[in-house]
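What follows is the residue order along each chain.
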Amino acid sequence: VVSKKYLSSEDKVLVIDEIELQDFNPQTMQATIRVVCSKGTYIRALARDIGLALDSGAHLTALRRTRIGDYKVEECHTLETFRQWLETLPNPTDK
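None of these values were measured; they are calculated from a predicted model. (Residues numbered from 1 in each chain as written. Predicted model: local features only at pLDDT ≥ 70, side-chain atom pairs only at ≥ 80, totals over all residues. Heavy atoms only, no water.)

Caption draft 1: Highlighting the overall build of the chain. Scanning the chain from terminus to terminus reveals 2 helices and 4 strands. Out of the 95 residues in the chain, the part that is buried amounts to 6%. Counting only contacts in the chain whose residues sit at least 6 apart along the sequence, the fraction spanning at least 24 positions is 22%. Summed over its atoms, the accessible surface of the chain is roughly 9400 Å², and 54% of this surface lies on carbon and sulfur atoms. (Helix = DSSP H or I, 4+ residues; strand = E, 2+ residues; numbered from the N terminus. Buried < 20%, exposed > 50% of the residue type's maximum accessible area, 1.4 Å probe, protein only. Contact = heavy atoms within 4.5 Å. Areas by Shrake-Rupley, 256 points an atom, 1.4 Å probe, with all protein chains shown as cover.)

Caption draft 2: The arrangement of the pairing of strand E1 (residues 16-25) in detail. Where E1 and strand E2 (residues 30-37) come together, 8 bridges link them in antiparallel fashion. From the neighbouring strand, Phe-24 faces E2, where its bridge partner is Ala-31. Hairpin geometry of E1 and E2 is characterised by an intervening segment of 4 residues between the two adjacent antiparallel strands and by a positive phi of about 60 degrees at Met-29. (Pairing = 2+ DSSP bridges.)

Caption draft 3: Structural view of unusual backbone geometry. Even without being a glycine, Met-29 presents a positive backbone phi close to 60 degrees. Relative to the helices and strands, Met-29 resides in the loop between E1 and E2. For Asp-55, which is not glycine, the phi dihedral falls at a positive 55 degrees. Residue position: Asp-55 is located in the loop between helix H1 (43-53) and strand E3 (67-68).

Caption draft 4: A nonpolar patch on the surface, seen in detail. Residues Ile-16, Ile-19, Leu-21, Phe-24, Met-29 and Ile-33 make up a contiguous nonpolar surface patch of roughly 580 Å² in combined accessible area. Considering every element that reaches the nonpolar patch, the biggest residue donor is E1, with 4 residues. (Patch = residues over 30% accessible without salt bridge, like charges linked within 9 Å, V, L, I, M, F, W, Y side chains within 5 Å. Salt bridge = Lys/Arg side-chain N within 4 Å of Asp/Glu carboxyl O.)

Caption draft 5: The arrangement of the pattern of salt bridges in detail. A complete count under the given rule lists 4 salt bridges for this structure. The shortest N-O distance in the salt bridge between Glu-18 and Arg-34 comes to 2.4 Å. Placement of the pair is Glu-18 in strand E1 and Arg-34 in strand E2, with a sequence separation of 16 residues. A relative accessible area of 40% places Glu-18 in the partly exposed class. The class of Arg-34 is partly exposed, set by a relative accessible area of 32%. Between Arg-34 and Glu-20 there is a salt bridge, with the nearest N and O atoms lying 3.1 Å from each other. With Arg-34 in strand E2 and Glu-20 in strand E1, this residue pair connects regions lying 14 residues apart in the sequence.

Caption draft 6: Structural view of the layout of surface pockets. Its volume calculated, the largest pocket comes out at about 1600 Å³. Lining of the largest pocket is provided by 43 residues; of these, Ile-33, Val-35, Ile-43, Leu-60 and Leu-63 occupy positions nearest its centre. Of all the elements in the fold, those that place two or more residues in the lining of the largest pocket are E1, E2, H1 and E3. Broken down by element, the lining of the largest pocket gets its largest block of residues, 8 residues, from E2. (1 Å grid on protein atoms, 1.4 Å probe; cavity = no way out; pocket = protein on both sides within 12 Å on 5 of 7 lines; lining within 4 Å. Points joined across faces, edges and corners; volume = space filled by probe spheres on them.)

This is how it looks when you write it as structure tokens:
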């Protein structure tokens, strides 16, 4: 059984600390923006709202979270360093 849920779109106060146009390609009409925002911000909804404000459509072709709280992508493990870190952990089956 498939049930449908209908969600009302209520206005919600969000904080956009920064929004920066980093790139725009007029041939493809694609823009790259950087957003610093409060938690709970729906970036897809922001893209939709920008499209509506421009009397156009808009959607995401990519989304990359570069920070959450105090954690920044620059400080994260790469796949290789993560593997190396895993190898330093004790094996729970070894007693």
